[in-house]
Amino acid sequence: MAAAESAGPAAAPGEPRGAAEADAAGMGLTDLPGELLELILCCDVLGAADIGRVSCTCRRLREACQPRGKVWRERFRLRWPSLLKYYSHTDGVSWLEEYKARHNAGLEAQRIVASFSKRFFSEHVPCDGFSDIETLGCPSHFFEDELMCILNMEGRKGLTWKYYAKKILYFLRQQNILKNLKEYLQRPTDRQSFLEGAVLIDQYCNPLSDICLKSVQAQVDDITDKVRKVLRTKNPRHPSLASKAGEVLIPEVELQRQVLDAMNCVLYEQLKYKGNELDYYNSLNSYIHQVLIRRTGIPISLSVLYLTIARQLGVKLEPVNFPSHFLLRWCQGKEGSTDIFDYTYIDAFGKGKQLTVKECEYLIGHHVTEEFYGVVTSKEVLQRMVGNLLNLGKRESTDQSYQLLRDSLDLYLAMYPDNVQHLMLQARLYFHLGIWPEKVLDILQHIQALDPSQHGAVGYLVQHTLEHIERRKEEAGPEVKHRSDEKHKEVCFSIGLIMKHKRYGYNCVIYGWDPACMMGHEWIRNMNVHSLPRGPHQPFYNVLVEDGSCRYAAQENLEYNSEPREIPHPDIGRYFSEFTGIHYLPNTELETRYPEDLELTRATVQKIYSSGLGKSPSNKNRSSSASASGGGKCTEVQLATSLMDTNSPNAEDELLALFHAC
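Presented here is an overview of the structure given in this document. (Residues numbered from 1 in each chain as written. Predicted model: local features only at pLDDT ≥ 70, side-chain atom pairs only at ≥ 80, totals over all residues. Heavy atoms only, no water.)

1. Structural notes on the pattern of salt bridges
Under the definition given, this model contains 23 salt bridges. Of the charged contacts, one joins R187 and E183 as a salt bridge, the two residues approaching to 3.3 Å between their closest N and O atoms. Its relative accessible area of 16% is what places R187 among the buried residues. The salt bridge involving D597 is made with R483; its shortest N-O contact spans 3.2 Å. On the criterion of sequence distance, the pair formed by D597 in helix α25 (residues 597–610) and R483 in the loop between α21 (455–474) and β7 (498–501) is long-range, its members being 114 residues apart. (Salt bridge = Lys/Arg side-chain N within 4 Å of Asp/Glu carboxyl O. Buried < 20%, exposed > 50% of the residue type's maximum accessible area, 1.4 Å probe, protein only. Helix = DSSP H or I, 4+ residues; strand = E, 2+ residues; numbered from the N terminus.)

In structure tokens form, the structure reads like this:
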């Protein structure tokens, strides 16, 4: 005990031991060695504002917090760890300036996201709606990082922010991928990797997924290493086992055969890759990263994987644009032969089976001419991959935004910008969706210049597009519906309530209503509305359905959902800001249009689910807590503050401290 007392006072809770020992020796913070001082200032309990204030106290601490030093680098790393990958050389980096730039980019991103709901609630974001994003005064990866922070916020709040952050990020990444695709297509053919082309298509259709050529290539390399292990057991001296295998092609056919046999063993026996016969028309079969994850695909995606592995092992396989079933060919005769019988054809979809010309015809059930056995370029391979996605996009029935069709059209026209057929399809699609009328006019003008014979179809679309633009200009503003109006007295349900359809059983959330059916006579006839007891002369509700569709349902067909749950609809954030656990809270724009609905929704929730209709006890708890706190609605200011450094009391404080630290 005496020994302990003579050692001096113990460190207070939360106080670094080094600081306590320094005080015991009569030392101040500024008397500590530089490394120890840096260690204290790098402590993760300190925020940027704290470091900014510390650096203003004296010269010693200012030097310890120098812009290019360890303290600001650690502060940057703690706040935005994913951004360090952009700094290959860190010696000359001013971390204070980078911190300020990233912080300002975050504030700018939040400002833009917050403005989108007010600007574009009544329409799709127009093609020029991203113009202020294209002229950002900050690094794009800083802006994207803030958008990802918004998307990754925990909980069920900030749904509107997440909705528009996703749209903005989608746009930014697709623009960058299109630029990379055009650069890829301009390269010489021998520098156009089939795998890279497949990755670019995958990235464009899935811009929010973490897909990069480096990670895909690493997975392919791993498969290639497994093939080498099998090959080593068969032929320890095989040239494909050399360190520079793949840089030089193997000339001997027998050695090539050994490689292909080893590939088939690894891919189809060990790793269980197979053609997806049961779910052939699933778009995931066309995405190379999904082929590697799910170990299944369609002929063309499996062929790209197969020929990439073969090429890395020194075997040259060539793509064949065979009708209905993509194949590879392997030369058995003189290299470059034009005789189709000098080749063996490989079916990557059929476990690497090697086929003759006659067997290829048996595969598709009819005879084809010699031209279909010829080799195709990487651009033609991408064209077929995109064509497959186009056909799938046309087949989709639940996705009312036709996102896959829109994405695949973008890709096709990036490769073939003057294809009249696909330009017309794009114009008709945007016209059908009622979006981007100005872009529709631009497309139609381009079509007319390319092919004047299209003047009939072009003229029809131009006329109706101009009418659409005029109607939009004449719109006086949002229609406000008050429940207290006499004409709305029969409307029983309110926006934000989770409902169930009595006849079809689907779960949905109400995002709008009319006192009577507002659809045209043709829709009423097609939907057989007159067969309902009250026909069209009853309230109808706009609902977002759990399958991703939007429907217009009669009041007599809806009932309260006894087990309300979140509705996984892509447009949920367009109308609602939060899910409380039992109902949705409208965002500012929707509440403006239905100003009296929220009060009724809360009263309904309190009455229905507190009386025992809701079967989940946790639902009752969430309901009462949400009601007690006014629904727990998250304002834009609260959301912005939550995105700031948790160690900083607010954004302004942090920003001021940063500028004082300069």
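Additional details are given in the paragraphs that follow.
2. Some details on the packing of aromatic side chains
As enumerated under the stated definition, the model contains 26 aromatic pairs in all. Between F493 and Y560, the ring centres sit 5.3 Å apart and the planes meet at 75°, which makes this aromatic pair edge-to-face. With F493 in the loop between α21 and β7 and Y560 in strand β11 (residues 558–560), this residue pair connects regions lying 67 residues apart in the sequence. Note on F493: relative accessible area 8%, which makes it buried. (Phe/Tyr/Trp six-rings, centres within 6.5 Å; stacked < 30°, edge-to-face > 60°.)

3. Some thoughts on the sheet that holds strand β8 (residues 507–514)
Spatially, the five strands line up as an open sheet ordered β10-β9-β8-β7-β11, and their pairing is antiparallel. Each of the sheet's edge strands pairs with one partner strand only, and the pair in question is β10 (550–554) and β11. Each strand of the sheet is rotated relative to its neighbour by a mean of 50°, with strand direction disregarded. Bridge analysis of β7 against β8 gives three bridges, and the strand direction is antiparallel. Paired with I498 across the strands is V509, a residue of β8. (Pairing = 2+ DSSP bridges. Axes fitted to C-alpha atoms, helices over the stretch in contact; angles between N-to-C directions.)

4. What to know about the pairing of strand β9 (residues 540–545)
The buried count for β9 comes to five of six residues, which makes it a mostly enclosed element. Of the strand pairs in this sheet, β9 and β10 are connected by five bridges, and their pairing is antiparallel. The residue of β10 that forms the bridge with F540 is A554. Linking β9 to β10, which pair antiparallel, is a turn of four residues; within it G548 sits at a positive phi near 95°.

5. Thoughts on unusual backbone geometry
Phi is positive for S324, close to 70°, though the residue is something other than glycine. Mapped onto the fold, S324 is located in the loop between β3 (318–320) and β4 (327–331). Accessibility expressed as a relative area gives 61% for S324, which makes it exposed. One non-glycine residue, N528, adopts positive backbone phi at about 55°. Within the secondary structure, N528 sits in the loop between α22 (521–526) and β9.

None of this, on its own, says anything about what the molecule does.
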